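Here is how the chains run, residue by residue.
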Amino acid sequence: PRSTLFPYTTLFRSPLDRWAIQGVGSGRCSIDNTFQDPHVTGEVTLADFVFDDFRLGHVHSDSVRLDPDGLGVRFGMVHAVKDESRYRVEDLYLDFHSDRFELTGLLHADELRLRDFYHVFGLEDDERYLPYQGVTRGQASLHYTNGFPGDRPSGTLEVDRKSVV
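A brief structural summary. (Residues numbered from 1 in each chain as written. Predicted model: local features only at pLDDT ≥ 70, side-chain atom pairs only at ≥ 80, totals over all residues. Heavy atoms only, no water.)

This brings us to the overall build of the protein chain. Across its full length, the protein chain holds one helix and eight strands. Its helices and strands in sequence order give the protein chain the pattern β-β-β-β-β-β-α-β-β, from N to C terminus. Relative to its full complement of 165 residues, the protein chain shows a buried share of 31%. Of the contacts made within the protein chain by residues no fewer than 6 positions apart, 42% connect residues no fewer than 24 positions apart. (Helix = DSSP H or I, 4+ residues; strand = E, 2+ residues; numbered from the N terminus. Buried < 20%, exposed > 50% of the residue type's maximum accessible area, 1.4 Å probe, protein only. Contact = heavy atoms within 4.5 Å.)

The next subject is the nonpolar core. In terms of nonpolar packing, the biggest core is built from 22 residues, with Phe-75, Leu-92, Leu-94, Phe-101 and Leu-103 touching the most fellow members. Only strand S2 (38-51), strand S3 (54-66), strand S4 (72-82), strand S5 (85-95), strand S6 (101-113) and strand S7 (135-146) provide two or more residues apiece to this core. Sequence-distant contacts of Phe-75, defined by excluding residues within four places in its chain, comprise Val-44, Ser-61, Ser-63, Val-64, Asp-91, Leu-92 and Leu-94. (Core = buried A, V, L, I, M, F, W, Y, C linked by side-chain atoms within 4.5 Å.)

Pairing geometry for strand S1 (residues 21-33) and S2, over twelve bridges, is antiparallel. Bridged to Asp-32 within S2 is His-39. Remark: four residues form the turn of the hairpin made by S1 and S2, two consecutive strands paired antiparallel. As paired elements, S2 and S3 share nine bridges and run antiparallel to each other. Within S3, the residue paired with Gly-42 across the bridge is Val-64. Between S2 and S3, which pair antiparallel one after the other, the connecting turn spans two residues, and Asp-52 there sits at a positive phi close to 60°. (Pairing = 2+ DSSP bridges.)

Here the focus is the pattern of salt bridges. Tallied over the entire structure, the rule returns eight salt bridges. In this structure, Arg-55 engages Glu-124 in a salt bridge whose closest nitrogen and oxygen atoms are separated by 2.8 Å. Highlighted residues: Arg-55 in strand S3 and Glu-124 in the loop between helix H1 (114-120) and S7, separated in sequence by 69 residues. Beyond isolated ion pairs, a larger network of salt bridges with shared partners links Glu-84, Glu-111, Arg-113 and Arg-115. (Salt bridge = Lys/Arg side-chain N within 4 Å of Asp/Glu carboxyl O.)

Bringing the environment of Arg-18 into the picture now. Here Arg-18 lies in the segment before S1. Looking at Arg-18, the relative accessible area reads 37%, which means it is partly exposed. Note: C-alpha distance between Arg-18 and Arg-100 (82 residues apart in sequence) is 8.8 Å. When near neighbours in sequence (up to four residues on either side) are disregarded, Arg-18 contacts Asp-99, Arg-100, Asn-146 and Gly-147.

What follows deals with the packing of aromatic side chains. Summed over all chains, the structure comprises nine aromatic pairs. Ring geometry for Phe-51 and Phe-101: centres 5.0 Å apart, planes at 40°, overall tilted. One end of the pair, Phe-51, is in strand S2; the other, Phe-101, is in strand S6, and 50 residues separate them in sequence. Look at Phe-51 and you get buried, because its relative accessible area is 9%. Overall, Phe-101 belongs to the buried group, its relative accessible area being 1%. Put simply, the rings of Phe-51, Phe-54, Phe-96, Phe-101, Phe-117, Tyr-118, Phe-121, Tyr-129 and Tyr-144 pair up and form one aromatic cluster. (Phe/Tyr/Trp six-rings, centres within 6.5 Å; stacked < 30°, edge-to-face > 60°.)

Keep in mind that these numbers describe shape and distance, not what the molecule does.
See the structure below:
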């Protein structure tokens, strides 16, 4: 035989394997510069995108830039559709450094129906929220962490609303 696979072979383990990620779609990737300082950019479109337990809907971004070490990714703008809702997240940054997760970005709720919002977080059948329905528009800064000291088991979400209608 020309090659042998030994049982003690170690495979690369990604920091992404802590979080369930699903969706169907396509992407494009461009790699420029040197091996030591790669510039990885691209675009992505995913239908029924789910990150961890967050059911985010159909997402698209044509401005994606990967950190040189591959453990962070910045999206200039993410456009999303969740059932009848439309929202965008500007300057979305996903940071997977140090075996933990941090998300920052500016949410633009163009037309966010509360029932779709509840569905993102798995609260669509929660009797406490069923009487509250409506549509909201506005902006909010998002900061979500998972795996940091003091985080809840499901992570910690901080929202600083800029304007809400």
